[in-house]
Amino acid sequence: MSTFSHSPVLVDAVCEALSDPLDVDRPRASSGILLDLTCGGAGHTRALLRVLQPKTVVAFDRDARALTAARERLKDAPCEVIFVHAPFSEMHRELDAIGISHVDAILADLGVSSHQIDTGERGFSFRSNGPLDMRMDPSRGQPLAARLAELSTEQLTRILRDFGEEPDARRIASAIVAQRPTDTSELASVVTEAMSARQRRHLGARIHPATKTFQALRIMVNSEFDELDTMLRDAPERLQLGGRLAIISFHSLEDRRVKRAFRSLCENPALPHGVPIPDHERPKAPFRIAKTFRKGRMATDEERASNPRSRSAKLRVLERVEA
Ligand SMILES: C[S@@+](CC[C@H](N)C(=O)[O-])C[C@H]1O[C@@H](n2cnc3c(N)ncnc32)[C@H](O)[C@@H]1O
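Residues numbered from 1 in each chain as written. Predicted model: local features only at pLDDT ≥ 70, side-chain atom pairs only at ≥ 80, totals over all residues. Heavy atoms only, no water.

Asker: Any chance you could explain the pairing of strand β1 (residues 33-36) here in plain terms?
Answerer: Each regular strand carries side chains that alternate between the two faces of the sheet. Judged by which residues are buried, β1 turns out to be covered on both faces: Ile 33 and Leu 35 on one side and Leu 34 and Asp 36 on the other are all buried. Alignment of β1 against strand β2 (residues 56-61), held across four bridges, turns out to be parallel. Residue Asp 36 lies in a different strand from β2, and its bridge partner there is Ala 59. Examined bridge by bridge, β1 and strand β4 (residues 103-109) share three bridges and lie parallel to one another. Across the sheet, the residue bridging to Leu 34 is Ala 105, located in β4. (Buried < 20%, exposed > 50% of the residue type's maximum accessible area, 1.4 Å probe, protein only. Helix = DSSP H or I, 4+ residues; strand = E, 2+ residues; numbered from the N terminus. Pairing = 2+ DSSP bridges.)

Structure (structure tokens):
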């Protein structure tokens, strides 16, 4: 197997989130199914196999290379493993096709893997040269080069602002549209030269000036926010009573979406005004946020020191408490 390198983050917290008995006072239904929506190199899946001991694992990834690595790493799994090469926005269709209605545990570890970033030819990185691609699934959609060729300065400015919170969005967008870089090194140089001296000073030596631009372009190419919003709508519907959904996000734009969606799923349904209903008959929200995960969970100092990817990771967990 080729070297597929990726160190999973928050592994202990994910295992705790998906395996601890619920602080719920009713029996828990169990399908024995674990759904990993972002299997990657199967680091989380393997840890979860040990603690959950599922009878079936369904492992999604939109990246065929990740699935090849995962297949190899899960070949000795003591249970059935079903691999699905599809984006998680298609989970309803894929789960229906394999005859699965509800699952005990769902994990989504968002964003890209270290393997994707570190493989120059995938075009994700400003650190190694590669084509302007950035697709997690190169068999679908358009590569970055084709997307950039179609965008006006105004459209690109909006993308850098909305998906990257880039303060110098307009300057950078104008430079990209004027200079039409042809590979990731050129793109990184165009961004660095376009950035204001003030912003460069603000970032300091530790953060590459192209970090936010590359993040924004990757989110655009892979429709990451549409994917996330669809998953936030569909995944909770697939949870058994007592089942949990764990999501790891890597920046505030993702985390905000997860937090808002979870909050709204946990709101009790509104009642018509003036209808007297005793407390025990009031309809309850079918979901809640486990007490120990109210604020989300971040990596410990020790993990941050040993795995830099964990520094921005935040884990949020939702559980189904009503059928
Ligand atoms: C951070 S990595 C996951 C690493 C994995 N948890 C592990 O332990 O190795 C994210 C993975 O999710 C995949 N991915 C990202 N967005 C996806 C989506 N919308 N649908 C399916 N897979 C996606 C990426 O291709 C990548 O392999």
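Asker: In this structure, what is going on with the site of the ligand? I would like to understand it.
Answerer: Taken together, 26 residues sit near the ligand, with His 44, Asp 61, Phe 88, Asp 109 and Glu 227 positioned nearest. With respect to the ligand, the backbone of Gly 41 contributes an N or O atom lying 2.9 Å from an oxygen atom. Take Phe 88: an N or O atom from its main chain is 2.9 Å from a nitrogen atom of the ligand. Here the ligand, which alone exposes 600 Å², has 99% of that area covered by the protein. (Near = heavy atom within 4 Å. Polar contact = N/O pair within 3.5 Å; in protein donor to acceptor, adjacent residues only side chain to side chain. Areas by Shrake-Rupley, 256 points an atom, 1.4 Å probe, with all protein chains shown as cover.)

Asker: Where do I start with the pairing of strand β5 (residues 239-249) in this structure?
Answerer: Counting buried positions along β5 yields 10 of 11 residues, so the element is predominantly enclosed. When β4 meets β5, the two strands line up parallel, connected through six bridges. By the bridge assignment, Val 103 is partnered in β5 with Leu 239. Bridge analysis of β5 against strand β8 (residues 314-320) gives six bridges, and the strand direction is antiparallel. From the neighbouring strand, Arg 244 faces β8, where its bridge partner is Glu 319.

Asker: Honestly, the packing of helix α1 (residues 11-19) against helix α2 (residues 43-52) in this entry has me stumped. Any pointers?
Answerer: If you want to describe how two helices pack, look at the angle between their axes and the distance between the axes. Relative to each other, α1 and α2 sit at 40°, their axes nearing to 10 Å. As judged from the angle between their axes, α1 and α2 are oblique. Handedness of the crossing formed by α1 with α2: right-handed. Across from Val 11, Val 14, Cys 15, Leu 18 and Ser 19 in α1, the residues of α2 making contact are His 44, Ala 47, Leu 48, Val 51 and Leu 52. (Axes fitted to C-alpha atoms, helices over the stretch in contact; angles between N-to-C directions. Parallel < 35°, antiparallel > 145°, perpendicular 65-115°, else oblique. Left-handed = near helix turned anticlockwise from the far one by under 90°. Contact = heavy atoms within 4.5 Å.)

Asker: Explain α2 here, please?
Answerer: Count 3.6 residues to each turn of an α-helix, and residues three or four apart come out pointing the same way. By the burial criterion, the buried members of α2 are His 44, Thr 45, Ala 47, Leu 48 and Leu 49. Among the structural elements, α1, β1, β2, β4 and β5 are those in contact with the buried residues of α2. Following α2 by one or two positions, Gln 53 has its phi on the positive side, about 45°.

Asker: Sorry if this is basic, but what is going on with the nonpolar core here?
Answerer: Where a protein is soluble and globular, its nonpolar side chains tend to be buried together. Within the largest apolar cluster, 33 residues are counted, with the highest numbers of intra-cluster contacts made by Leu 10, Ile 248 and Leu 315. Mapped by element, the contributors of at least two residues to this core are α1, α2, β2, α3 (64-73), β4, β5 and β8. Sort the elements by how many residues they give to this core and α1 lands first, with six residues. Setting aside anything within four residues of it in sequence, one finds Ile 248 in contact with Val 9, Leu 10, Val 14, His 44, Leu 107, Ala 108, Asp 109, Leu 110, Ala 313, Lys 314 and Leu 315. (Core = buried A, V, L, I, M, F, W, Y, C linked by side-chain atoms within 4.5 Å.)

In short, geometric facts, not functional conclusions.
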